[in-house]
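Report on the structure
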Amino acid sequence: MHIGRRKGWEIPERLATPESLWLNRRQILAAGAALTLGGTAARADIDPTASLYPAPRNSRYTVDRGITPEAINSNHNNFFEFGFYKQIGHAAEALAIRPWDVGIAGLVEKEFTIAFDDLIRKMQIEERLYRHRCVEGWAMTVPWTGFPLAALVALARPAGSARYVRFESFYDPQIATAQNSFYPWPYSDGVTLAEATNELAFVVTGAYGRPVAKPMGAPLRIHLPWKYGFKSVKSIVKFTFTDERPVGFYQRIAPAAYGFWANVNPDSPHPRLDQSTERDIATGEIVRTRLFNGYAEFVGGLYAGQEGEALYL
Ligand SMILES: Nc1nc2c(c(=O)[nH]1)N[C@H]1C(S)=C(S)[C@@H](COP(=O)(O)O)O[C@H]1N2
Ligand SMILES: [Mo]
């Protein structure tokens, strides 16, 4: 676990944790292994990775606001495969998440497919508190669990010619009925390899101390906290390494409004949507949005020399 230097605007993670979650963790610790085993056994038949949770929290990534309660998060999602509104939770439960194979394709030493349950067991999972900012102007704070995207890139062994990695979601219009619409399914997006191997880029397998729920992108999604939420593809089936810049779902639909970089910037408005502030979906509080969503200390250096480019929307 890394030990980070705490910045002025940050507060200890314990203070950002809702009291109920904190108490729950303490009770679990106090009750010891018996209770933990009991809890995981009850879920083991539902999800074969349940026993891997909860994972230790990495204290390097702190947040300056309260964690969004799980009940609010799971009732407020963008998962267009299941409908173009926020309450897709029930519809998303139809997604079959086992078996779930993950393809590693394109410019790699050797293409391969790995079952998600095998992939996760090759990785060291940890919990991270990250803030999420959607281009629609809402924000949330989530205790994700997962592993660095850099570890997946290392496993993939990209060729020297690879410059980007593209994340592709599933395609199953029988279940995801909105995929019968004319949009460029399956949902996808991508980043440069430099971005993918930045320490913040995270492959999410869990949230709120257990396997990630279907409405939030089970069984694996990514989270790139310095970019607008649409870059963080959910329910991924394929990682493709390429030398061509991927064109994401949003960019394909509206190239004038959504570029490749999509780094959060309060001073770079979307044609229709002001980006200067954001609304916390739990508290309703409106706060000023920050450059790189407040993660400039981690990612600012990625874009040195690119100041003239459309790095934002
Ligand atoms: N497969 C897929 N991934 C997706 C989306 C989507 O519609 N389909 N929406 C994106 C957008 S716009 C946002 S803001 C986040 C929302 O994540 P959440 O539903 O967990 O809050 O997922 C992103 N990833
Ligand atoms: Mo979004």
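A separate point is the overall build of the protein chain. A tally of regular secondary structure across the protein chain gives 10 helices and 12 strands. Across the protein chain, every contact between residues at least 6 apart in sequence was considered, and the portion connecting residues at least 24 apart equals 72%.

Before going further, it helps to spend a moment on the pairing of strand β10 (residues 236-242). Across the seven residues of β10, five count as buried, placing the element largely inside the fold. Across four bridges, the pairing between strand β1 (residues 101-106) and β10 is parallel. Residue Ile104 lies in a different strand from β10, and its bridge partner there is Phe239.

Another point: the site of ligand 1. Near ligand 1, the surroundings consist of 19 residues, among which Phe80, Glu81, Arg221, Ser232 and Lys234 are the closest. Between a nitrogen atom of ligand 1 and a side-chain N or O atom of Glu81, the distance comes to 2.8 Å. Within the side chain of Arg221, a nitrogen or oxygen atom sits 2.7 Å from an oxygen atom of ligand 1. For ligand 1, the protein covers 100% of the area, taking 530 Å² as the surface of the free molecule.

Before going further, it helps to spend a moment on the environment of Val102. Examined against the element boundaries, Val102 turns out to sit in strand β1. With 137 residues separating them in the primary sequence, Val102 and Phe239 have C-alpha atoms 7.6 Å apart. Among all residues touching Val102, those that are not within four sequence positions of it are Phe112, Thr113, Ile114, Phe116, Leu119, Leu220, Ile236, Val237 and Phe239.

Looking now at the sheet that holds β10. Read across the open sheet, the five strands follow the order β2-β1-β10-β5-β6; overall the sheet is mixed. The open sheet terminates on both sides in strands that have one partner only, identified here as β2 (112-115) and β6 (188-192). With direction set aside, neighbouring strand axes in the sheet form an average angle of 20°. Sheet contacts for helix α7 (residues 149-156): β1, β2, β5 (164-169) and β10; angle to β10, the most-contacted strand, approximately 65°.

This part covers the pairing of β6. The element β6 is largely enclosed, with a buried count of five among its five residues. Looking at chain direction, β5 and β6 are connected through five bridges and run antiparallel. Paired with Tyr164 across the strands is Thr192, a residue of β6.

As a further point, take α7. Residues of α7 that are buried: Leu149, Leu152, Val153 and Ala156. The arc enclosing the buried residues of α7, seen along the axis, measures out at 100°, which places them on a common side.

Glancing now at the packing of aromatic side chains. Tallying each qualifying case throughout the model produces 27 aromatic pairs. Residues Phe230 and Tyr258 carry aromatic rings whose centres are separated by 5.2 Å and whose planes lie at 80° to one another, so their mutual orientation is edge-to-face. Within this pair, whereas Phe230 is found in the loop between β9 (221-223) and β10, its partner Tyr258 is found in the loop between α9 (249-253) and β11 (277-280), the two being separated by 28 residues in sequence. Exposure class is identical for Phe230 and Tyr258. Each is buried. The rings of Phe80, Phe84, Phe182, Tyr183, Trp185, Tyr187, Phe230, Phe249, Tyr250 and Tyr258 are connected pair by pair, giving a single aromatic cluster.

The next point concerns the side chain of Asn58. Checked against the element boundaries, Asn58 lands in the loop between α3 (33-44) and α4 (70-73). With relative accessibility at 0%, the residue Asn58 sits in the buried group. For Asn58, the side chain forms a polar contact with the side chain of Glu126, separated by 3.1 Å.

Between Tyr53 and Pro54 the backbone carries a cis peptide bond, its omega angle lying at -10°. Within the element layout of this structure, Pro54 appears in the loop between α3 and α4. With an omega of -10°, the peptide bond between Arg98 and Pro99 qualifies as cis. Tracing the chain through its elements places Pro99 in the loop between α5 (89-92) and β1. Its identity is not glycine, yet Arg157 carries a phi of approximately 50°, on the positive side. Structurally, the position occupied by Arg157 is in the loop between α7 and β5. Although it is not a glycine, Tyr208 sits at a positive phi angle of roughly 55°. Along the chain, Tyr208 turns up in the loop between β7 (202-207) and β8 (210-211).

Thresholds, definitions, all that
Residues numbered from 1 in each chain as written. Chains lettered and ligands numbered in written order. Predicted model: local features only at pLDDT ≥ 70, side-chain atom pairs only at ≥ 80, totals over all residues. Heavy atoms only, no water. Helix = DSSP H or I, 4+ residues; strand = E, 2+ residues; numbered from the N terminus. Contact = heavy atoms within 4.5 Å. Buried < 20%, exposed > 50% of the residue type's maximum accessible area, 1.4 Å probe, protein only. Pairing = 2+ DSSP bridges. Near = heavy atom within 4 Å. Polar contact = N/O pair within 3.5 Å; in protein donor to acceptor, adjacent residues only side chain to side chain. Areas by Shrake-Rupley, 256 points an atom, 1.4 Å probe, with all protein chains shown as cover. Axes fitted to C-alpha atoms, helices over the stretch in contact; angles between N-to-C directions. Arc of directions from axis to C-beta. Phe/Tyr/Trp six-rings, centres within 6.5 Å; stacked < 30°, edge-to-face > 60°.

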